[in-house]
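# Results of the structural survey
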Amino acid sequence: MKSGFLAKNPSVLWFVLILALFTLGVTLLSQAYGTGAVSTSMVKTLGKTLCLCLVAIAMDLVWGYTGILSLGHFAFFGLGGYMIGMWLMYARTKEIVLASATGQIPMTPQEINDAIASQVFGVVGSSQLPGIWHFAGSLPMQLLFVVLVPGLLAFVFGWLAFRSRVTGVYLSILTQAMTLALALYLFQNDSGLRGNNGLSGLQNIPGIAAGQDALSVWFLWISALALALGYVVAAFIVSGKFGSVMRGIRDDEARVRFLGYSVETYKLFVFTLTAVIAAIAGALYYPQAGIINPAEMAPIASIYLAVWVAIGGRGRIYGAVIGAFFVSLVSTWFTGGRVPDINLGFYVVKWVDWWQVLLGLSFVLVTLFAPKGLSGLVDLLTGWRSPNRGGDPLGPDDGALREKEAEA
């Protein structure tokens, strides 16, 4: 008798339970619904961290399980933020325009549209709404674009790259080039997204009179729900035959192709799916951040994403979550000025300047001496082990596809 999904993945129930308790605890300590021990800014930081954990899951699926080191997934994260940011900025500006109208004659739709265009794009010397803002006033359409735009970009890029059988470091360079090209384009004022100014004021949700105290908790709830669903979906994908093929592609792509599997189709599906997951995470992240600009899509951001997954332990979904959560909060602690500087007499160590060096050193040490990352500690403490799938390994990596699994 085959074991059920939850029996083969005990981490799923534990993860959902821990996430629920964490969310409840923050809510009860928040300023909106609890004692006020946790500030609104900290609630926002925690909500954003959950979104980063979700995009880390996407990175682990595409890199840790499929072996595609994408250095462009933060571009999809940013695109998701831009898509929802367009509606937030348009609808919020519309409210301001209507509230400031003093004439007795109601404004016509064209006058409203012109006033919104002047308010939004006056900073870049324009008074016309670009064509890409045609549906900006429709929330359902912009939510659809959160999925469609990054998904379509990932599909086209992946189809061209995988069809040409570009692999390894060459594919990583291509994904990085795609991210850089997109960021450079968005820096231009005529890109239609306000260039270097980006989209701002996203923390103000149109039509909702609640303050930031309550909104921060609501977004925390939504982010936690999205992370839980993302974790379950990822665990379901990697626990079945599809996941076995993913690991097989990671360990020995040529052999999987020889066995008759359409490697390019599998890689394209995973690449596109993870791009959509990253975009959804971005759509939840930036309303909590309040602003998005092209600098968010810089290639270094995608490199950080790979570092989080490596530190947490790639090839383990909970490892990606642990890595993103840990590094994000520690980064906030170091760069927020909370860690006192160290005066060595001849030099003052300022952690704001040295944090990236410390992060890079941690990445090197984990790669050399602890390939399982922080999740290896979780395995040790909980007694979790990788399932005994039987047979000799078919690849060099720890957790590679096994003979009996390949025969199933």
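Below, the structure is looked at part by part. (Residues numbered from 1 in each chain as written. Predicted model: local features only at pLDDT ≥ 70, side-chain atom pairs only at ≥ 80, totals over all residues. Heavy atoms only, no water.)

### Focus on the overall build of the chain
What the chain contains, in helices and strands, is 15 helices and 4 strands. In terms of C-alpha radius of gyration, the chain reaches 23 Å, essentially the compact-globule figure of 22 Å for 408 residues. In the chain, which comprises 408 residues, the proportion classed as buried is 47%. Considering only contacts in the chain between residues 6 or more positions apart, those separated by 24 or more positions represent 73%. Accessible surface, the chain: about 20000 Å² in total, of which carbon and sulfur atoms supply 66%. Across the chain, 24 positive and 20 negative side-chain charges occur, with their mean positions spaced 5 Å apart. (Helix = DSSP H or I, 4+ residues; strand = E, 2+ residues; numbered from the N terminus. Rg over C-alpha atoms; globule rule 2.2 N^0.38 Å. Buried < 20%, exposed > 50% of the residue type's maximum accessible area, 1.4 Å probe, protein only. Contact = heavy atoms within 4.5 Å. Areas by Shrake-Rupley, 256 points an atom, 1.4 Å probe, with all protein chains shown as cover. Lys, Arg positive; Asp, Glu negative; His and termini not counted. Charge placed at Lys NZ, Arg CZ, Asp CG, Glu CD.)

### Some details on the environment of Leu 305
Its location among the elements puts Leu 305 in helix α11 (residues 299–312). Leu 305 gets classed as buried once you look at its relative accessible area, which sits at 0%. Residues Leu 305 and Ser 164, 141 residues apart in the sequence, show an inter-C-alpha distance of 26 Å. Every residue in contact with Leu 305, bar those within four places of it in the chain, is listed here: Val 55, Ala 56, Met 59, His 73 and Phe 74.

### Examining the packing of helix α8 (residues 212–239) against helix α12 (residues 317–335)
For the pair α8 and α12, the least separation of the axes is 10 Å and the interaxial angle reads 145°. Residues Tyr 231, Ala 234, Ala 235 and Val 238 of α8 touch α12, and the partners they reach there are Ile 317, Tyr 318 and Val 321. (Axes fitted to C-alpha atoms, helices over the stretch in contact; angles between N-to-C directions.)

### Regarding the packing of helix α4 (residues 73–100) against α11
Relative orientation of the contacting elements α4 and α11 amounts to 115°, with a least axis distance of 7 Å. The orientation of α4 with respect to α11, classified from their angle, is roughly perpendicular. In the crossing of α4 with α11, the sense of the turn from one axis to the other is right-handed. Counting all contacts with α4, which are made through His 73, Phe 74 and Ala 75, the residues of α11 involved are Ala 301, Ser 302, Leu 305 and Trp 308. A breakdown of the residues in the contact of α4 with α11 according to their chemical character gives 5 nonpolar, 2 polar and no charged. (Parallel < 35°, antiparallel > 145°, perpendicular 65-115°, else oblique. Left-handed = near helix turned anticlockwise from the far one by under 90°. Nonpolar A, V, L, I, M, F, W, Y, C, P; charged D, E, K, R; others polar.)

### A closer look at empty space enclosed by the protein
Following the criterion strictly, the structure yields 3 cavities of 30 Å³ or more and no others. Computed from the structure, the second largest cavity encloses a volume of approximately 50 Å³. The wall of the second largest cavity is formed by Lys 44, Gln 203, Gln 212, Leu 215, Ser 216, Phe 219, Pro 287 and Gln 288. Of all the secondary structure elements, the ones that give two or more residues to the lining of the second largest cavity are α8 and α10 (263–289). By residue number, the principal contributor to the lining of the second largest cavity is α8, which donates 4 residues. Class assignment of the residues belonging to the lining of the second largest cavity gives a composition of 3 nonpolar, 4 polar and 1 charged. (1 Å grid on protein atoms, 1.4 Å probe; cavity = no way out; pocket = protein on both sides within 12 Å on 5 of 7 lines; lining within 4 Å. Points joined across faces, edges and corners; volume = space filled by probe spheres on them.)

### Section: the pattern of salt bridges
For the structure shown, the criterion picks out 6 salt bridges. With its nearest N and O atoms 3.1 Å apart, the salt bridge here joins Glu 253 to Arg 257. Of this pair, Glu 253 and Arg 257 are both found in helix α9 (residues 241–258), 4 residues apart, which corresponds to roughly one turn of the helix. On the accessibility criterion, Glu 253 (18% relative accessible area) is buried. (Salt bridge = Lys/Arg side-chain N within 4 Å of Asp/Glu carboxyl O.)

### Some thoughts on the nonpolar core
One finds Phe 74 and Trp 133 to be the most contacted residues of the largest nonpolar core, which totals 112 residues. Among the elements that make up this core, the one with the highest residue count is helix α3 (residues 40–65) (16 residues). Setting aside chain neighbours within four positions, we find Trp 133 in contact with Met 86, Tyr 90, Val 120, Phe 121, Gly 192, Leu 193 and Leu 199. In this structure, Ile 249, Val 256, Val 263 and Tyr 266 belong to the second largest nonpolar core, which totals 5 residues. (Core = buried A, V, L, I, M, F, W, Y, C linked by side-chain atoms within 4.5 Å.)

### Examining the packing of aromatic side chains
Remark: the centre distance and the inter-plane angle together describe each pair of aromatic rings, the angle taken between the planes. Counted according to the given criterion, the structure contains 16 aromatic pairs. With 4.9 Å between their ring centres and 40° between their planes, Phe 242 and Tyr 266 make a pair best called tilted. Of this pair, Phe 242 sits in helix α9 while Tyr 266 sits in helix α10, and the two are 24 residues apart along the sequence. Overall, Tyr 266 belongs to the buried group, its relative accessible area being 18%. With 5.4 Å between their ring centres and 70° between their planes, Phe 242 and Phe 269 make a pair best called edge-to-face. With Phe 242 in helix α9 and Phe 269 in helix α10, this pair connects stretches of sequence that are 27 residues apart. For Phe 242, a relative accessible area of 25% corresponds to the partly exposed category. The partly exposed category is assigned to Phe 269, whose relative accessible area is 43%. (Phe/Tyr/Trp six-rings, centres within 6.5 Å; stacked < 30°, edge-to-face > 60°.)

### Some words on the environment of Ser 375
Checked against the element boundaries, Ser 375 lands in helix α14 (residues 375–382). Taking the C-alpha atoms as reference points, Ser 375 and Gly 313, separated by 62 residues in sequence, lie 5.5 Å from one another. Discounting residues that sit within four places of it in the chain, Ser 375 has contacts with Gly 312, Gly 313, Arg 316, Tyr 318, Gly 319 and Ile 322.

### Observations concerning the side chain of Lys 267
For Lys 267, the position within the fold is in helix α10. At a separation of 3.2 Å, a polar atom in the side chain of Lys 267 contacts the side chain of Glu 253. Beyond its immediate chain neighbours, meaning those up to four positions away, Lys 267 contacts Thr 66, Ile 68, Phe 162, Thr 167, Ile 249 and Glu 253. (Polar contact = N/O pair within 3.5 Å; in protein donor to acceptor, adjacent residues only side chain to side chain.)

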